[in-house]
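# Close look at the chain arrangement
If you want the building blocks of each chain, they are given just below.
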Amino acid sequence: MTITWFGLSSFKLVGKDVTIITDPFGAKTGLSPVRGAADVVILSNPNLDWSNNLSSISGEPFIISGPGEYDIKGTFIMGSAAENKDLGENTVYGIEIEDVRIAFFGAFNQSQLTDEQKTALEGADIVLIPVGGKQLTDSETAAKIATQLEPYYIVPHSYKIPGLELNLDKLDNFIKEMGGKPTEMDKINIKKKDFTADTTSVIVLAPQR
């Protein structure tokens with residue numbers, strides 16, 4: 001499977017039989033709207049205008065916008081309710097594609113995980129987590145929560161990038177919090193059998209336009 005990043009909390013997850021897009025944003029963010037075909041669109045906060053732009057997504061995707069369990073084209077998705085006092089209720093998701101488990105945090109801002117959230121995200125190989133602070137998880141909290149899940153890869157998102165008009169922190173703070181040098185990639189191309197290391201690595205994806 002492959003993972004690419006558009007910016008903010010929008011990713012494209014592509015398996016052999018399924019394409020998933022998370023949190024598609026529109027032009028109000030200052031970035032080019034997320035475009036492309038998808039079988040599934042996952043919204044962490046359907047009421048947030050920088051994560052609910054469905055107008056430029058083609059095809060007839062199945063829309064997931066809240067807690068529950070979903071089985072679509074051999075992909076299992078479990079959503080668990082989360083709170084954000086500034087941006088409102090949202091959902092965190094455990095996504096399993098081709099035996100690779102992904103923990104997806106979108107408009108998330110909690111100091112710790114609930115037991116229900118831990119169940120949904122258990123066994124994550126890859127964690128996609130916001131690190132830009134302000135109304136989202138700050139660097140210190142993001143590092144604590146992500147490492148707590150003991151993944152192979154942590155992929156930060158929702159931080160300041162060129163063109164983005166939202167007021168978010170730069171990535172530097174999270175990198176300092178994690179320590180070490182991250183691996184920079186255009187996309188992640190991975191299979192379950194590739195996860196052999198006992199350590200957690202930070203991967204910084206270049207936003208695709």
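On a predicted model such as this, the values are computed, not experimentally measured, just so you know.

Criteria and thresholds
- Residues numbered from 1 in each chain as written.
- Predicted model: local features only at pLDDT ≥ 70, side-chain atom pairs only at ≥ 80, totals over all residues.
- Heavy atoms only, no water.
- Pairing = 2+ DSSP bridges.
- Helix = DSSP H or I, 4+ residues; strand = E, 2+ residues; numbered from the N terminus.
- Axes fitted to C-alpha atoms, helices over the stretch in contact; angles between N-to-C directions.
- Buried < 20%, exposed > 50% of the residue type's maximum accessible area, 1.4 Å probe, protein only.
- Right-handed = clockwise from strand over helix to strand, strands pointing away.
- Salt bridge = Lys/Arg side-chain N within 4 Å of Asp/Glu carboxyl O.
- Contact = heavy atoms within 4.5 Å.
- Polar contact = N/O pair within 3.5 Å; in protein donor to acceptor, adjacent residues only side chain to side chain.

Strand order in the open sheet formed by eight strands is β8-β9-β10-β11-β12-β13-β16-β14, with mixed pairing between adjacent strands. One side of each edge strand has no neighbouring strand; the edge strands of this open sheet are β8 (68-72) and β14 (183-185). Put simply, the sheet's adjacent strands are angled 20° from each other on average, direction ignored.

Attention shifts here to the sheet that holds strand β3 (residues 19-22). Judged by pairing direction, the sheet is mixed, and its six strands sit side by side in the order β7-β5-β3-β2-β1-β15 without closing on themselves. The open sheet terminates on both sides in strands that have one partner only, identified here as β7 (62-64) and β15 (188-189). One ladder, built from three bridges, connects strand β5 (residues 40-42) with β7; its direction is parallel. Looking at β7, one finds that Val 41 is bridged to Ile 63.

Among the five residues in strand β13 (residues 153-157), five count as buried, and that is most of the element. Judged by which residues are buried, β13 turns out to be covered on both faces: Tyr 153, Val 155 and His 157 on one side and Ile 154 and Pro 156 on the other are all buried. The sheet contact formed by strand β12 (residues 126-130) and β13 spans five bridges and is parallel. Residue pairing for β13: Pro 130 is matched across the bridge by His 157. Handedness of the crossover joining β12 and β13 through helix α2 (residues 139-148): right-handed. As paired strands, β13 and strand β16 (residues 201-205) are joined by two bridges and run parallel to one another. Along β16, the bridge assignment pairs Tyr 153 with Ser 201.

The full count for this structure, using the stated rule, is four salt bridges. Among the salt bridges present, the one from Asp 39 reaches Lys 73, with a minimum N-O distance of 3.1 Å. With a gap of 34 residues between them, Asp 39 in the loop between β4 (36-37) and β5 and Lys 73 in the loop between β8 and β9 (75-82) connect regions that are remote in the sequence. Residue Asp 39 is classed as partly exposed on the basis of its relative accessible area, which comes to 25%. A salt bridge links Glu 96 to Arg 101, with the shortest nitrogen-to-oxygen separation between them at 3.1 Å.

Positionally, Thr 4 belongs in strand β1 (residues 2-7). On the basis of relative accessibility, which here comes to 16%, the residue Thr 4 falls in the buried class. Leaving out residues up to four positions away in the same chain, Thr 4 has contacts with Ser 10, Phe 11, Lys 12, Asp 186, Lys 187, Leu 205 and Gln 208.

Moving on, we get to the side chain of Ser 44. Within the fold, Ser 44 resides in the loop between β5 and β6 (57-58). Look at Ser 44 and you get buried, because its relative accessible area is 0%. Here the side chain of Ser 44 touches Ala 107 through a polar contact of 3.2 Å, landing on its backbone nitrogen.

Below, the discussion takes up the pairing of β12. Most of β12 sits inside the fold, with five of its five residues counted as buried. Here β12 shows two buried faces, one formed by Ile 126, Leu 128 and Pro 130 and the other by Val 127 and Ile 129. Here three bridges tie strand β11 (residues 100-104) to β12, and the two strands are oriented parallel to one another. From the neighbouring strand, Ile 102 faces β12, where its bridge partner is Ile 126. Assessed by its sense of winding, the connection that carries the chain from β11 through helix α1 (residues 115-121) to β12 is right-handed.

This part is about the environment of Arg 35. Relative to the helices and strands, Arg 35 resides in the loop between β3 and β4. Separated by 23 residues in the primary sequence, Arg 35 and Ser 58 have C-alpha atoms spaced 7.5 Å apart. In this view, Arg 35 contacts Phe 6 and Ser 56; residues no more than four positions away in its chain are not counted.

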